Amino acid sequence: MRGSQVFGIALVSSIAFAPLAEAKSVSFSGYQWEVRSGQGGPGPNTWDDRNAWVDANGHLHLKIAWRDGRWTTAEVYMPQQRLGYGTYQFKVIGRPDLFDDNVVLGLFNYTRPDVGPDATNEIDIEFAKWGGSQPQMGNWAVYPAVTGVPYSHQAYSISLGGTYSTHRFQWSSTQVFFQALHGHQDGNANQMASWLFNPPDYVQRIPQNPLPVHMNFWLFQGRAPKNGQEAEIVIAEFKFIPAP
């Protein structure tokens with residue numbers, strides 16, 4: 001669940017959606033995304049729709065910025081569309097391995113009220129050290145399809161040789177397979193890390209329903225960056241390949 005902690009690991013917290021008269025949206029990688037604004041978790045943070053935009057190359061920028069005397073963060077999400085089993089791939093430009101201890105990048109799908117409550121039905125790729133409580137920057141997590149079942153988490157070390165990397169998960173009803181790779185690619189070369197989550201009780205431990213995709217760039221527990229610097233990350237492409 002977003003904003004809580006288990007064994008020093010910060011989990012993603014629930015998103016409170018306030019109705020907006022004219023919510024900002026952006027078109028990116030063939031999908032329409034709503035840009036979040038207002039207060040709320042995870043963090044809690046102040047979400048500013050000026051912190052997310054698409055450039056002339058079609059790349060999505062997410063920024064943590066000091067605005068109007070406070071730190072502000074960014075999130076985009078699919079307001080209506082839900083994607084099901086298949087491959088979710090994110091091509092990133094930047095150095096998530098060098099993030100400040102309080103900076104978090106999340107690339108994930110997330111539950112809706114008709115699917116299940118917070119702390120269920122979520123698959124996460126996250127880059128965070130959770131305020132410095134863990135040494136690894138890479139995080140993968142799968143939240144169960146039902147309440148009362150613990151979530152599953154795998155942390156891994158990430159070290160990039162450049163600014164291009166590819167991150168993906170392949171989701172089916174029985175397993176989730178995560179990969180982190182050097183460079184921008186659709187193949188499997190130069191893999192940094194991987195994790196196959198295939199529990200025997202998969203009906204309970206793996207989401208079974210289509211979910212909307214989110215991308216957010218935020219501050220752990222709403223804390224200021226330890227280095228006092230603004231931060232920006234670029235998502236060059238999001239690709240979804242439905243399962244056959």
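This text goes with the structure placed above it.
Residues numbered from 1 in each chain as written. Predicted model: local features only at pLDDT ≥ 70, side-chain atom pairs only at ≥ 80, totals over all residues. Heavy atoms only, no water.

**Q** How would you sum up the pattern of salt bridges? Please name residues and give values.
**A** Scanning the model with the defined rule gives twelve salt bridges in all. Asp 68 serves as the salt-bridge partner of Arg 50, at 3.3 Å between the closest nitrogen and oxygen. Of this pair, Arg 50 sits in the loop between strand 6 (45-47) and strand 7 (52-54) while Asp 68 sits in the loop between strand 8 (60-67) and strand 9 (70-72), and the two are 18 residues apart along the sequence. Close ionic contact of Asp 186 with Lys 239 constitutes a salt bridge, the shortest N to O distance being 3.2 Å. Within this pair, whereas Asp 186 is found in the loop between strand 17 (176-182) and strand 18 (191-197), its partner Lys 239 is found in strand 20 (residues 231-242), the two being separated by 53 residues in sequence. When its relative accessible area of 25% is taken as the criterion, Lys 239 is described as partly exposed. The structure contains a network of salt bridges with shared partners spanning Asp 48, Arg 50, Arg 67 and Asp 68. (Salt bridge = Lys/Arg side-chain N within 4 Å of Asp/Glu carboxyl O. Helix = DSSP H or I, 4+ residues; strand = E, 2+ residues; numbered from the N terminus. Buried < 20%, exposed > 50% of the residue type's maximum accessible area, 1.4 Å probe, protein only.)

**Q** Can you explain the nonpolar core? Please cite residues and give values.
**A** Counting residues in hydrophobic clusters, the biggest one holds 50 residues, and the most contacted among them are Trp 33, Leu 62, Met 215 and Phe 238. The biggest single contributor to this core is strand 20, with five residues. If we ignore the near neighbours within four places in the chain, the residues touching Leu 62 are Asn 51, Ala 52, Ala 74, Val 76, Leu 105, Met 215, Asn 216, Phe 217, Ala 231, Glu 232 and Ile 233. By size, the runner-up hydrophobic cluster in this structure holds six residues, among which are Trp 47, Ala 128, Trp 130 and Trp 218. (Core = buried A, V, L, I, M, F, W, Y, C linked by side-chain atoms within 4.5 Å. Contact = heavy atoms within 4.5 Å.)

**Q** Kindly report on the side chain of Arg 168, identifying the contributing residues and their values.
**A** As for its placement among the helices and strands, Arg 168 is situated in strand 16 (residues 164-171). Although Arg 168 is buried, it makes no salt bridge; Asp 186 carries the closest opposite charge, 5.5 Å away. Within the structure, the side chain of Arg 168 is placed 2.8 Å from the side chain of Gln 89, a separation counted as a polar contact. Reaching out from Arg 168, the side chain makes a polar contact with the side chain of Asn 188 at a distance of 3.3 Å. (Lys, Arg positive; Asp, Glu negative; His and termini not counted. Polar contact = N/O pair within 3.5 Å; in protein donor to acceptor, adjacent residues only side chain to side chain.)

**Q** Now, about the environment of His 184: what can you tell me, with residues and values included?
**A** Positionally, His 184 belongs in the loop between strand 17 and strand 18. Since its relative accessible area comes to 28%, His 184 is described here as partly exposed. When near neighbours in sequence (up to four residues on either side) are disregarded, His 184 contacts Lys 91, Val 92, Ile 93, Tyr 164, Ser 165, Thr 166 and Ala 236.

**Q** Can you explain the sheet that holds strand 10 (residues 74-77)? Please cite residues and give values.
**A** Read across the open sheet, the eight strands follow the order 3-4-10-19-12-13-14-15; overall the sheet is antiparallel. The sheet is open, and its two borders are formed by strand 3 (25-28) and strand 15 (152-156), each paired with just one other strand. Adjacent strand axes in the sheet meet at a mean angle of 20° when their direction is disregarded. (Pairing = 2+ DSSP bridges. Axes fitted to C-alpha atoms, helices over the stretch in contact; angles between N-to-C directions.)

**Q** Requested: an account of the environment of Phe 169, with residues and values cited.
**A** You can see Phe 169 is positioned in strand 16. Classification of Phe 169 as buried rests on a relative accessible area of 0%. Each C-alpha atom of the pair Phe 169 and Ile 125 lies 8.1 Å from the other, and the pair is 44 residues apart in sequence. Setting aside anything within four residues of it in sequence, one finds Phe 169 in contact with Gly 86, Thr 87, Tyr 88, Phe 90, Asn 109, Ile 123, Ile 125, Val 176, Phe 177 and Phe 178.

**Q** Mind laying out the pairing of strand 19 (residues 213-219), listing which residues take part and the relevant values?
**A** Across the seven residues that make up strand 19, a large majority, seven, are buried. The alternating pattern of strand 19 places Val 213, Met 215, Phe 217 and Leu 219 on one face and His 214, Asn 216 and Trp 218 on the opposite face, and all of these are buried. Here four bridges tie strand 10 to strand 19, and the two strands are oriented antiparallel to one another. Residue pairing in the sheet places Glu 75 in a bridge with Asn 216 of strand 19. Here strand 12 (residues 103-109) runs beside strand 19; their pairing, made up of seven bridges, is antiparallel. Bridging from a neighbouring strand, Leu 105 pairs with Phe 217 of strand 19.

**Q** Outline the side chain of His 167, listing residues and values.
**A** Tracing the backbone shows His 167 in strand 16. Judged by relative accessible area, His 167 falls into the buried class, the value being 0%. Polar side-chain contacts of His 167 include one of 2.8 Å to the side chain of Ser 165. If we ignore the near neighbours within four places in the chain, the residues touching His 167 are Tyr 88, Gln 89, Phe 90, Val 92, Ile 125, Phe 127, Tyr 156, Ile 158, Gln 179, Ala 180 and Met 192.

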